[in-house]
Amino acid sequence: ALAAVGSNTALINLLTNFFMGLSIGANVLVARYFGAKNDKDLSETVHTAMMLSIYSGIILTVIGVLCAKQILIWMQTPEAVLGLATVYLRIYFLGMTATMIYNFGSAILRAVGDTKRPLLFLVIAGAANVALNLLLVIVFHLGVAGVAIGTIISQMISSILVLRCLCKAEASYRLHFSKLSIKGVYMKQIFKVGIPAGIQSTVINFSNVLLQSSVNSFGSTAMAGYTAANNIFGFLYASANSITQACMSFTSQNYGAGKWKRIDRVVVDCMA
């Protein structure tokens, strides 16, 4: 079961990180308009970004559900693990719209300097995920399906919390469901930053998929060991990536405000 869940990590990252790159584009653009105090463009960007998150989630769900087994076969997933891995991946991708909504929504909040509430929402969702795993796996014996169900429910919790936060915001980045639409001029600017960032992540994760395929050829024991090690690596990566996120938001805010010298200071501080 551990091998089945772990064999999906690189593949999930490969399929999702391109769209995560679009959330980086939204972060940069929102921060720029926030720094420039351009309320109209800020509001339009928020609504375009959140609509993009919904479309991104739907696209990923279709790809994940329809192509899961074939992609896992290409990755040389052992027959003993293939069935469980396919079940996990298909259920996981059913919750992808919620994942995209959270990531785009939290990117917007980080862009305006609100990093505490996205963290709080993840803590709540993470605690729910742990509780659901214990319940569904140990009590109801659902195995990898229970892990996947627990994950998508926790993703839905985080997305609902971030939507509630945006809808109640007393600022120009407030979300109105009636205004959700994709405006071409803002989507183009999001893509200008987001697509290169997404391709960069995709290239890195494609190499990880090739590495996972090699590990898969050694059987389920090696896959389980690789999964355990990757869980620890995830903590190391997240801590470094948080500095990257801060650098992007502050750079873009100061760019929008025309405070060029502050950008130099931000870069030096973040590099240090």
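What counts, and where the lines are drawn
Residues numbered from 1 in each chain as written. Predicted model: local features only at pLDDT ≥ 70, side-chain atom pairs only at ≥ 80, totals over all residues. Heavy atoms only, no water. Axes fitted to C-alpha atoms, helices over the stretch in contact; angles between N-to-C directions. Helix = DSSP H or I, 4+ residues; strand = E, 2+ residues; numbered from the N terminus. Parallel < 35°, antiparallel > 145°, perpendicular 65-115°, else oblique. Left-handed = near helix turned anticlockwise from the far one by under 90°. Contact = heavy atoms within 4.5 Å. Nonpolar A, V, L, I, M, F, W, Y, C, P; charged D, E, K, R; others polar. Core = buried A, V, L, I, M, F, W, Y, C linked by side-chain atoms within 4.5 Å. Buried < 20%, exposed > 50% of the residue type's maximum accessible area, 1.4 Å probe, protein only.

Colleague: Can you tell me about the packing of helix H3 (residues 39–74) against helix H4 (residues 79–94), naming the residues and giving the values?
Modeller: Close contact between H3 and H4 brings their axes to 8 Å; oriented N to C, the two are set at 165°. The angle between H3 and H4 places the two elements in the roughly antiparallel class. In this structure, the crossing between H3 and H4 has a hand that is right-handed. Packed against H3, whose contacting residues are Leu-60, Thr-61, Gly-64, Val-65, Ala-68, Lys-69, Leu-72 and Ile-73, the element H4 presents Leu-82, Ala-85, Thr-86, Leu-89, Arg-90, Phe-93 and Leu-94 at the interface. The residue makeup of the contact of H3 with H4, split by class, is 10 nonpolar, 3 polar and 2 charged.

Colleague: Break down the nonpolar core for me, citing the residues and quoting the values.
Modeller: With 62 residues, the main nonpolar core has Val-46, Met-50, Phe-93, Phe-104 and Tyr-173 as its most contacted residues. By residue number, the principal contributor to this core is helix H2 (residues 9–35), which donates 13 residues. Beyond its immediate sequence surroundings of up to four residues, Phe-93 is in contact with Ile-12, Leu-15, Thr-16, Leu-60, Thr-61, Gly-64 and Val-65.

Colleague: Tell me what's going on with the packing of H2 against helix H9 (residues 220–257), and back it up with residues and numbers.
Modeller: For the pair H2 and H9, the least separation of the axes is 6 Å and the interaxial angle reads 40°. As far as their axial angle goes, H9 and H2 are oblique. By crossing handedness, the relation of H2 to H9 is classed as right-handed. On the side of H2, the interface is formed by Ile-24, Asn-27, Val-28, Ala-31, Arg-32, Phe-34 and Gly-35, while H9 contributes Met-248, Ser-249, Ser-252, Gln-253, Tyr-255, Gly-256 and Ala-257. By residue class, the composition of the contact of H2 with H9 is 7 nonpolar, 6 polar and 1 charged.

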